[in-house]
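Breakdown of the fold
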Amino acid sequence: MAIININIIFPICLISFAIVSCADEISHVSVSQSPVIRQACQSTRFLQVCESSLAQRYLHLPPNPTTVQIIKSAISVSKEYLKKGKSLVLNVGRSVTVNVNHTAVIHLCSEILLYSEYRMESASEALTQGKIKDARAWMSASLAYQKGSWGALRHINDTEPVAQVLSFLDFLTLLSSNALSMMVAYDNYGENTALWVPPKTERDGFYEDRPGRNSELRYKARFPKKLKVDVTVCKHNLKCYKTVQEAVDAAPENSTRRFVIRIRGGVYAETVRVGFRKKNVVFWGQGMGKTIITGSLNVHQPGINTFTSATVGVLGDGFMARDLTIENTAGSEAHQAVAFRSDSDFSVILNCEFLGNQDTLYANSLRQFYKNCRIQGNVDFIFGHSASVFQDCEILIAPRQPNLERGDNNAITAHGRTDPAQSLGFVFLNCLINGTEEYMRYYNKNPQAHRNYLGRPWKEYSRTVFINCEIEKLISPEGWMPWSGDVGLNTVFYAEFNNTGVGSDLSKRVPWSTRIPPQYLHTYSVENFIQGDQWIPRSR
Ligand SMILES: *[C@@H]1O[C@H](CO)[C@@H](O)[C@H](O)[C@H]1NC(C)=O
Ligand SMILES: *[C@@H]1O[C@H](CO)[C@@H](O)[C@H](O)[C@H]1NC(C)=O
Ligand SMILES: *[C@@H]1O[C@H](CO)[C@@H](O)[C@H](O)[C@H]1NC(C)=O
Ligand SMILES: *[C@@H]1O[C@H](CO)[C@@H](O)[C@H](O)[C@H]1NC(C)=O
Ligand SMILES: *[C@@H]1O[C@H](CO)[C@@H](O)[C@H](O)[C@H]1NC(C)=O
């Protein structure tokens, strides 16, 4: 912790003097004045940062602050830093717009810091309203966005101002992590801060199950009946919108009712963006392979990054899609080329197909539910920082060029979770894991040359589980592969339960994977993991 004090707080003080007083100044207010703050900070991973930032706030709190008031003051410290971080990124943008790729990164960073701020504010409100699961989900996303902008900026870290913003954002993530850890402790141990401890994970034997809630693991989701179609998109009729994007543009902002876009059969070659304020938008196609939205953006093009490569990118909450195909046809040699990206909380995707190679499905953040979908790709083709459940889906490895004859190495998932307090993870329920017919022809010719894995840890606390799935022979006996050396291998949670098929044999699995103890299975139900009972339409 001392390292943080010297190396991080010090430069921060230089940059942000006007906003927060420096660490040594803060520490004049002794935390011993407030045992309750000291106790609350015991729940965090960055204790010293917690105590010094909250001690300063202590003066503004009522004499005997409630736990919620303490957590909210931790959020408000984080929010001040976030606002400052946003303006620092903009300043850097003004000073180092040297090329199109740098400009794209700066633009992306400022954009996702806005989402971070919005989710943080929502988390704070949810806490007041006693909606602790929402608060955790939104703060988890807020932190993920901060890490995301840090990660993007790191690629253009070639000037001093960028390096300074990086260390500022780094410190911001410590503050946000601390606020989130307090929420987790509050949810798990209640008001009594004396009981609070830092966030634990399944790797510590800690499962967040809810005894007595013996729900089914799967969820009987259905498309809402009697949905009125608001607008139609089609190819050959004068009364239709000709592009999906035009129809999206016609949707009202902040709608609380679903806005239904019927998309007739046809191939729509376009890039579609459902903006942050376009809420409750529904895409209703005529079937996989019939209604097709297609694009080919990829990171080899100037100014395109993984985030912006998506053929369809959705930000607004409550997105729903049914019966269509979304693809990115850039090809495997183009590397990162996303078909579908979602940052939509409470999103429901039914009977949809996602086709691509590397990074096909970018389930970037918040809570998402996929049912009866077909997802195809090869490298990390289901990835992101969300809490997503994939139920009754078909997950298919597709051939990767070139040198297919010589073999390949593929990971189906690359989940990103940087902090044990984040309520994020991928859950696969009753899915089929297989290769496409074409891929299996290559595979069968020389099985030894083709190595396929269930996942690899994009980030240190990556979490992915497969339950009641059929895992075909193409999955290698080790099951999971490292990302880089031993990074994350002691902290990730990669687990399996009751899967069938040749590839489900657990006898040769890597030692850092886990079998879910049956008594904790319901931690991963749709209800517990993403609170799906509160927002996914259900059939009786
Ligand atoms: C950014 O660059 C500076 C100067 O080279 C370096 O000290 C720093 O560690 C870099 N930051 C990151 C996050 O890579
Ligand atoms: C939608 O909500 C945002 C804030 O979340 C607000 O800034 C915007 O003005 C709203 N738009 C409309 C049309 O109400
Ligand atoms: C921007 O990135 C593209 C794709 O990686 C690259 O081909 C191009 O040379 C880059 N442009 C500049 C100005 O660095
Ligand atoms: C997996 O794919 C192969 C090749 O297409 C096919 O023969 C096999 O039946 C599939 N497995 C299942 C369980 O559908
Ligand atoms: C295990 O999988 C079988 C099907 O292969 C299923 O019938 C059974 O209910 C599953 N067990 C649990 C505990 O989910």
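Reading the values: rules and limits
Residues numbered from 1 in each chain as written. Chains lettered and ligands numbered in written order. Predicted model: local features only at pLDDT ≥ 70, side-chain atom pairs only at ≥ 80, totals over all residues. Heavy atoms only, no water. UniProt positions renumbered as here; feature names shortened; annotations may be inferred. Helix = DSSP H or I, 4+ residues; strand = E, 2+ residues; numbered from the N terminus. Buried < 20%, exposed > 50% of the residue type's maximum accessible area, 1.4 Å probe, protein only. Contact = heavy atoms within 4.5 Å. Areas by Shrake-Rupley, 256 points an atom, 1.4 Å probe, with all protein chains shown as cover. Core = buried A, V, L, I, M, F, W, Y, C linked by side-chain atoms within 4.5 Å. Disulfide = S-S within 2.5 Å. Near = heavy atom within 4 Å. Polar contact = N/O pair within 3.5 Å; in protein donor to acceptor, adjacent residues only side chain to side chain. Nonpolar A, V, L, I, M, F, W, Y, C, P; charged D, E, K, R; others polar. Salt bridge = Lys/Arg side-chain N within 4 Å of Asp/Glu carboxyl O. Pairing = 2+ DSSP bridges. Axes fitted to C-alpha atoms, helices over the stretch in contact; angles between N-to-C directions. Parallel < 35°, antiparallel > 145°, perpendicular 65-115°, else oblique. Phe/Tyr/Trp six-rings, centres within 6.5 Å; stacked < 30°, edge-to-face > 60°. Lys NZ or Arg CZ within 6 Å of the ring centre and 35° of its normal. Expected span 1.5 Å × (residues − 1).

Going by what an unreviewed UniProt entry lists, the chain is known as pectinesterase and is assigned to Hibiscus trionum. As recorded by UniProt, the Function (unreviewed entry) comment attached to the chain reads in full: "Acts in the modification of cell walls via demethylesterification of cell wall pectin."

1. Some thoughts on the overall build of the chain
Broken down by element type, the chain carries eleven helices and 24 strands. For the chain, the spread of C-alpha atoms along the principal axes amounts to about 70 × 55 × 50 Å. Per-residue burial for the chain yields a buried fraction of 60% across its 540 residues. Sequence separation of at least 24 residues holds for 71% of the intrachain contacts in the chain that already meet a minimum separation of 6. Total accessible area on the chain stands at roughly 21,500 Å², and carbon and sulfur atoms take up 51% of it.

2. A look at the nonpolar core
One finds Leu54, Leu127, Leu153, Met182 and Met183 to be the most contacted residues of the largest nonpolar core, which totals 67 residues. Top element by residues in this core is helix H8 (residues 160-189). It accounts for 15 residues. Ranked by size, the runner-up nonpolar core spans 59 residues in total, among them Cys234, Val314, Cys352 and Ile412.

3. Considering the state of the cysteines
One pass over the structure, following the stated rule, counts two disulfides. The residue that forms a disulfide with cysteine 234 is cysteine 240, at a sulfur-sulfur distance of 2.3 Å. Taking the sign of the torsion about the S-S bond as the criterion, the disulfide between cysteine 234 and cysteine 240, at about 105°, is right-handed. The two residues cysteine 234 and cysteine 240 agree in class, both being buried. Sequence-ordered numbering of the bonded cysteines in the chain gives a disulfide pattern of 1-2, 3-4.

4. Topic: the site of ligand 3
Taken together, Asn99, Asn101, Val299 and His300 are the residues near ligand 3. Contact distances for ligand 3 include 3.5 Å between an oxygen atom and a side-chain N or O atom of asparagine 99. At a separation of 2.4 Å, an oxygen atom of ligand 3 approaches a polar side-chain atom of asparagine 101. In isolation ligand 3 has 360 Å² of accessible area, and contact with the protein removes 46% of it. Split by residue class, the shell around ligand 3 holds one nonpolar, three polar and no charged.

5. Section: unusual backbone geometry
One non-glycine residue, asparagine 468, adopts positive backbone phi at about 50°. Structurally, asparagine 468 is set in the loop between strand S21 (463-467) and strand S22 (470-471). We note that glutamine 531 has phi near 55°; this positive angle belongs to a residue other than glycine. Within the secondary structure, glutamine 531 sits in the segment after helix H11 (526-530).

6. Focus: the pattern of salt bridges
In the structure shown here, the tally under the stated rule is 23 salt bridges. As a salt-bridge pair, glutamate 202 and arginine 463 come within 2.9 Å of each other at their nearest N and O atoms. One end of the pair, glutamate 202, is in the loop between H8 and strand S1 (231-233); the other, arginine 463, is in strand S21, and 261 residues separate them in sequence. Accessibility expressed as a relative area gives 8% for glutamate 202, which makes it buried.

7. Section: the sheet that holds strand S20 (residues 450-455)
Strand order in the open sheet formed by seven strands is S4-S7-S9-S11-S14-S17-S20, with parallel pairing between adjacent strands. Across the chains shown, the open sheet's two edge strands, defined by having one partner strand only, are strand S4 (272-274) and S20. Pairs of neighbouring strands in the sheet enclose a mean axial angle of 15°, with direction left out of account. Contacts between helix H10 (residues 437-445) and the sheet are confined to strand S17 (408-415) and S20, with S20 contributing the most and set at about 125° to the helix.

8. Looking at the site of ligand 4
Inspection of the region around ligand 4 gives Leu432, Asn434, Gly435, Glu437, Met440, Glu470 and Glu472 as its neighbouring residues. The side chain of asparagine 434 places a nitrogen or oxygen atom 2.4 Å from an oxygen atom of ligand 4. Glutamate 472 is positioned with one of its side-chain polar atoms (N or O) 2.7 Å from a nitrogen atom of ligand 4. Protein chains shield 51% of the accessible area of ligand 4, which is 360 Å² for the free molecule. Contributions of two or more residues to the shell around ligand 4 are made by strand S19 (432-435) and H10. Broken down by element, the shell around ligand 4 gets its largest block of residues, three residues, from S19. When grouped by side-chain class, the residues that make up the shell around ligand 4 number two nonpolar, two polar and three charged.

9. Here's the deal with the environment of isoleucine 293
Relative to the assigned elements, isoleucine 293 resides in strand S6 (residues 291-295). Put simply, isoleucine 293 and alanine 269 are 24 residues apart on the chain and 5.9 Å apart in space, counted from C-alpha to C-alpha. Excluding its chain neighbours within four sequence positions, the residues that come into contact with isoleucine 293 are Val244, Tyr268, Glu270, Val272, Phe283, Thr311, Val312, Thr325, Ile326 and Glu327.

10. What to know about the packing of helix H4 (residues 47-58) against H8
Packing of H4 against H8 brings their axes to within 10 Å, and their N-to-C directions diverge by 85°. Considered as vectors, H4 and H8 are oriented roughly perpendicular to each other. Of the residues in H8, those touching H4 at Val49, Cys50, Ser53 and Leu54 are Phe171, Leu174, Leu175, Asn178 and Met182. For the contact of H4 with H8, a count of residues per class yields seven nonpolar, two polar and no charged.

11. Some thoughts on the pairing of S17
Counting buried residues in S17 gives seven out of eight residues, a clear majority hidden from the surface. Two elements, strand S14 (residues 382-384) and S17, share three bridges in a ladder whose sense is parallel. If you follow isoleucine 382 over to S17, its bridge partner there is threonine 413.

12. Focus: the packing of aromatic side chains
Each aromatic ring pair is summarised here by two numbers: the centre-to-centre distance and the angle between the ring planes. Under the definition given, this model contains 27 aromatic pairs. An aromatic cluster of three or more residues is present, and its members are Phe283, Phe319, Phe340, Phe354, Tyr370, Phe390, Phe426, Phe428, Phe466, Trp480, Tyr494 and Trp512. Against the face of phenylalanine 307 rests arginine 341, its NZ or CZ located 3.7 Å from the ring centre. Its guanidinium or amino end placed over the ring of tyrosine 219, arginine 538 lies 4.8 Å from that ring's centre, counting from NZ or CZ.

13. Some words on H8
Over its 30 residues, H8 runs 44 Å from end to end, which matches the ideal 44 Å to within 8%, given 1.5 Å per residue. Most of H8 sits out of view: 21 of its 30 residues are buried. One or two positions beyond H8, positive phi appears at glycine 190, with a value near 85°.

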